[in-house]
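Chains, contacts and geometry: an overview
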Amino acid sequence: MAEEQLDDWLADPAVRTRHRRRCAASPDELWAAAREIRLSETGTLGRLVRWRIPGTAPNQTFRGLLAEYPFVVLAEGERWSMSGLCGRIWTLNRDYPRLDGPEAFRTWSAPGTARVLFAHWVTPDAGGGSTIVSEARVAPVDRAAELRLRSLWMVVGVFERLIGAESLELAVARAEGRR
């Protein structure tokens, strides 16, 4: 997956995070391991997701989570996937509209909301290993949403750096047979 593909969906985000982890396993083994990670295995990240999306089962895989409401799969390939959601991500309410497909994400423009893109991919490394990458992008649709997003990011940005790679570390450990 090329970064240009991400730019096609969300080119100028106000927030962008990226995490990567190197693995001794092959790209196919790492991608398969990543697709099996469950929310309950990630500790803090899993609890946070379940708090923000009430009703999400602890044994839900991240793959499953990112493929159903409130998310929509935007595009996917052999060892990569992109999903998105829209709404007022800074509220404590579950304020995420149901998107009827990728084009609804692309054209979303409701005032006071944001578009959020999640992308995951695995690339081969020289020598037979691989790297898994996770990138998130958030773009507010207007000035009001931008101000709310900035306030939210001042609080959660610090924590994202601490927990954002939890699932990647688990995928690498599983692919390498350490878990």
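This write-up is about the structure you can find in this document. Quantities reported herein were computed from a predicted structural model and do not represent experimental measurements.

So, about the overall build of the chain. Secondary structure assignment for the chain yields 7 helices and 5 strands. Secondary structure of the chain in N-to-C order comes out as α-β-α-α-α-β-β-α-β-β-α-α. Here the C-alpha radius of gyration of the chain, 16 Å, is about what a compact globule of 179 residues would show, namely 16 Å. The principal-axis extent of the C-alpha atoms belonging to the chain is close to 50 × 30 × 30 Å.

A word on the side chain of T61. Note on placement: T61 falls in the loop between α3 (44-52) and α4 (62-65). Here T61 falls in the buried class, since its relative accessible area comes to 14%. Of the polar contacts made by the side chain of T61, one reaches the backbone nitrogen of G64; its length is 2.8 Å. The residues touching T61, leaving out its near neighbours within four places in the chain, are R35, E36, I37 and R38.

With 8 of its 11 residues buried, strand β4 (residues 114-124) lies for the most part within the structure. Direction of pairing for strand β3 (residues 80-87) relative to β4: antiparallel, over a ladder of 8 bridges. Among the inter-strand pairings, M82 is bridged to a residue of β4, identified as A119. Connecting β4 to the antiparallel partner strand β5 (residues 130-140) that follows it, the hairpin turn spans 5 residues, and G127 within it adopts a positive phi of roughly 90°.

Moving on to the packing of aromatic side chains. Taken as a whole, this structure holds 2 aromatic pairs when the rule is applied. Look at W9 and F105: their rings are 6.3 Å apart centre to centre, the planes differ by 50°, and that puts the pair in the tilted class. Residue W9 is found in helix α1 (residues 3-9), and its partner F105 is found in helix α5 (residues 102-106); the two are separated by 96 residues along the sequence. Summarising the burial analysis for this pair, W9 and F105 share the class buried. Seen from the ring of Y69, R98 lies directly overhead, with NZ or CZ sitting 4.1 Å from the centre.

Turning to α3, a few remarks are in order. Three or more residues of α3 are buried, namely L45, G46, V49 and R52. Within α3, the buried residues cover an arc of 135° as seen down the axis, which keeps them to one side. Turned more than 90 degrees from where α3 packs its buried face, R47 and W51 sit exposed.

What follows deals with unusual backbone geometry. Look at the link from Y69 to P70: it is a cis peptide, with omega at 15°. Within the secondary structure, P70 is located in the loop between α4 and β2 (72-77).

What counts, and at which threshold
Residues numbered from 1 in each chain as written. Predicted model: local features only at pLDDT ≥ 70, side-chain atom pairs only at ≥ 80, totals over all residues. Heavy atoms only, no water. Helix = DSSP H or I, 4+ residues; strand = E, 2+ residues; numbered from the N terminus. Rg over C-alpha atoms; globule rule 2.2 N^0.38 Å. Buried < 20%, exposed > 50% of the residue type's maximum accessible area, 1.4 Å probe, protein only. Polar contact = N/O pair within 3.5 Å; in protein donor to acceptor, adjacent residues only side chain to side chain. Contact = heavy atoms within 4.5 Å. Pairing = 2+ DSSP bridges. Phe/Tyr/Trp six-rings, centres within 6.5 Å; stacked < 30°, edge-to-face > 60°. Lys NZ or Arg CZ within 6 Å of the ring centre and 35° of its normal. Arc of directions from axis to C-beta.

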